[in-house]
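Fold and geometry: a report
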Amino acid sequence: MNLFYLIAFLSIFFSLLVIFSKNPVYSVLYLIVTFFTFTIHYILLNAQFLAIVNFIVYMGAIMVLFLFVLMLLNLNQDSEPMKSNLIKVVGVIAGMCLLVTLVGSVKALNVSDPVVLKNPDIGLVKNLGKVLFNEFLLPFEVSSLLLLSAMVGAVLLAKKDPKKA
Amino acid sequence: MESLSNRKKVLEQKPMTFMERLYLPSIFKGLAITFRHMFKKKETVYYPEQQRPISENWRGLHSLKRDEQGRERCTACGLCALACPAEAITMTAAERQKGEEHLYREEKYAAVYEINMLRCIFCGLCEEACPKEAIYLDGPILSADYMRKDFIFGKDKLVEEPLKS
Amino acid sequence: MELAFIIEKFALVTVIFLISLGVAAYSTLAERKIAAFLQGRVGPHRAGPHGMFQPLADGGKMFFKEEIIPSESNPILFIMGPSLALLTACIGSAVIPWGQSMVIGDTVVDLQVADINVGILYIFGVVSLGVYGIMIGGWASNNKFSLMGAIRAASQNISYEIAMGLSIIALLMVTGTLSLKEIAEQQHGFWHNGWFTWNVFNQPLGFLLFIICAFAECNRTPFDLPESENELVAGYHTEYSGFKLGAFLFAEYINMFVSSAVMATLYWGGYNYPGMDLVNEALGSTWAPLVGVAVLFAKIFLFIFFFMWIRWTIPRFRYDQLMHLGWKVLIPIGIANIVLTGVWMTLKDILF
């Protein structure tokens, strides 16, 4: 339990650093560390597959691409355009809305009993695979369709208009 | 345009066959060639212990020669310094005293004879200019050193070892 | 967690760590020697008999050279880059089974640091982390060439990871487990039921894909574009000197060692060898696993030799060729390999 509190503290700490660091590259690096703490959370929950997928996909691929783009852009304070006051006001309002929603949802929830999993080994690859491909086959395949449509959309956006070219 | 010499060859670039496009056969061929080289005779010459034979017209470091009685041949005429295109040679002449006949062949000799090896281009013109056959470029190559002053070779380094009787 | 368990694991980790460092150090010598042999030279031979102490001399040189940190660079990240590269290179070897379980007295000692049931995926994750060291180091140098090298490394790693994953999926369909220990156990011996037990004979195409991707992930020739000397000066380690440069180079050799071990375990039977049952009976369960360890290391050294042999034979790819190979050749072949494996397994179930 103590380990959980330590890791939870670290993940909140690093996610705050993501927001507050000035340099976007530092932000991404802190985000990577945050994801790493999430991986440890998954391991503590005995969800090894999720942990390792989080490790590979988020830390190993997506964040590399984030870093890639940021390094190429080379953002710093000189090149960053000044944000207008309107944007700041909109940002504050949006943030407040999110906060209100979060607080409201937390209030609406009851404090549940300590979670007792019916099957503590559900997070292992074998069990997860069986559940995904038996009970939840349709949602699983539909979500893959979602990814496919996203990919087609990205290709469409990236492709030049043949008439203009 | 029609070729005048009638020797022009038009290279035909055929599209690669499937085996060629696989690249693997040619990669294995290359690997076989390099592997064969492992067992061939090594070309290395272990330099300081073992030296390559040098050619007859090799020009290396200078040496001031002695005659068959072990006397220095140089008479400090200055023709080598005059012939030198790089202005590398300087000398001071002195008269031979009584009792030095076994040291110097001529009545005049070089008290100081210096060659700046950083200026020298090893062209061999001094060798050709010398009327007394006193200087030859038959030494090894110039070795490295730390100080510029160490590249000015005096008589201590240039004159041949005395004859052993 | 008893104390004995912790001590056992600690000793194992230390031994593996030392071995991987030693192998990496002597890989530098082996690289120079093999390069020399393939080119008709003799290679380093002055430091000790046949140049045996050359790695020590190189290491000493690296330690005592001046550490230069460019003034316009980002010093924290500049130091973090090589450290991260070395760290990620070293942690990969944790899940590799080095041998069968040893029985010493009453206790059974596993020659594997951690038998997690997602072993392959763990290695995969560590490999994908490996690029961070290069990227951070390259970016922090504040040099265009370094940045180019870093970006090349990132895009190359991500592209080839996909093909590597696809080749592994086909392997997993055959083995049915993600645990490296079980995969190694399945390949017991050499010949069983009229066919080889080693996975390379079941998955030759998958092995070819895997080894190509392993070359790419280790940034070895012909995929050494991130550090190509003649286009990018030295790529991501242009600004590095002294021990930090040494850390980058060392990480490369450790990566090579770990990926050779992974290839040997996944495809070439790991610590298994023909006639191991006889040896097991003859030597008993204390000493026989050590023979297996020796066999595994022999396989690893063969792979390292192959890495170097390729390096001194094949020229570097052009960047567009690299991307073409990764996305348009290897990934379709990987998918085809999965389909073929699936069809073959279904047919086998129906027919036999």
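Please refer to the structure placed before this passage.
Reference entry: report on the structure contained in this document. If you're wondering where the values come from, they're calculated on a predicted model, not measured in any experiment.

1. Description of the layout of surface pockets
Looking at the largest pocket, its volume works out to about 2000 Å³. Forming the boundary of the largest pocket are 47 residues, of which A:Phe49, A:Val53, C:Leu121, C:Gly165 and C:Ile169 lie nearest the centre. Mapped by element, the contributors of at least two residues to the lining of the largest pocket are helix H3 (48-73), helix H5 (125-134) and helix H6 (137-158) of chain A together with helix H4 (119-140), helix H5 (144-175) and helix H11 (319-351) of chain C. Top contributing element to the lining of the largest pocket by residue count: H5(C), with 12 residues. Of the residues contributing to the lining of the largest pocket, the split by class is 35 nonpolar, nine polar and three charged.

2. Things to note about the pattern of salt bridges
Any two side chains of opposite charge can pair, given that their charged atoms come close. What the rule picks out here adds up to 15 salt bridges over all chains. One salt bridge in this structure joins B:Glu49 and C:Arg46, with 2.9 Å as the shortest N-O distance. Remark: C:Arg46 occurs in the loop between helix H1 (3-38) and helix H2 (54-64) and B:Glu49 occurs in the loop between helix H2 (24-37) and strand S1 (63-64); the pair is interchain, linking two chains. Residue classification places B:Glu49 among the exposed positions, given a relative accessible area of 58%. A salt bridge links B:Asp138 to B:Lys65, with the shortest nitrogen-to-oxygen separation between them at 2.6 Å. Here B:Asp138 is found in the loop between strand S4 (135-136) and strand S5 (152-153), whereas its partner B:Lys65 is found in the loop between S1 and helix H3 (79-83), with 73 residues between them in sequence.

3. Observations concerning the interface of chain A and chain C
Often, the extent of an interface is quoted as the loss of accessible area upon association of its parts. Contacts between the two partners involve 24 residues from chain A, matched on the other side by 25 residues from chain C. Carbon and sulfur atoms supply 78% of the area that chain A and chain C bury against each other, a total of about 2100 Å² over both sides. The interface formed by chain A and chain C contains zero salt bridges. At the boundary of chain A with chain C, the tally comes to three residue pairs in polar contact (both at pLDDT 80 or more). When contributions to the side of chain A that touches chain C are tallied by element, the ones reaching two or more residues are helix H2 (24-44), H3 and H5 of chain A.

Basis of the calculations
Residues numbered from 1 in each chain as written. Chains lettered and ligands numbered in written order. Predicted model: local features only at pLDDT ≥ 70, side-chain atom pairs only at ≥ 80, totals over all residues. Heavy atoms only, no water. 1 Å grid on protein atoms, 1.4 Å probe; cavity = no way out; pocket = protein on both sides within 12 Å on 5 of 7 lines; lining within 4 Å. Points joined across faces, edges and corners; volume = space filled by probe spheres on them. Helix = DSSP H or I, 4+ residues; strand = E, 2+ residues; numbered from the N terminus. Nonpolar A, V, L, I, M, F, W, Y, C, P; charged D, E, K, R; others polar. Salt bridge = Lys/Arg side-chain N within 4 Å of Asp/Glu carboxyl O. Buried < 20%, exposed > 50% of the residue type's maximum accessible area, 1.4 Å probe, protein only. Contact = heavy atoms within 4.5 Å. Buried area = accessible area lost by both parts, 1.4 Å probe. Polar contact = N/O pair within 3.5 Å; in protein donor to acceptor, adjacent residues only side chain to side chain.

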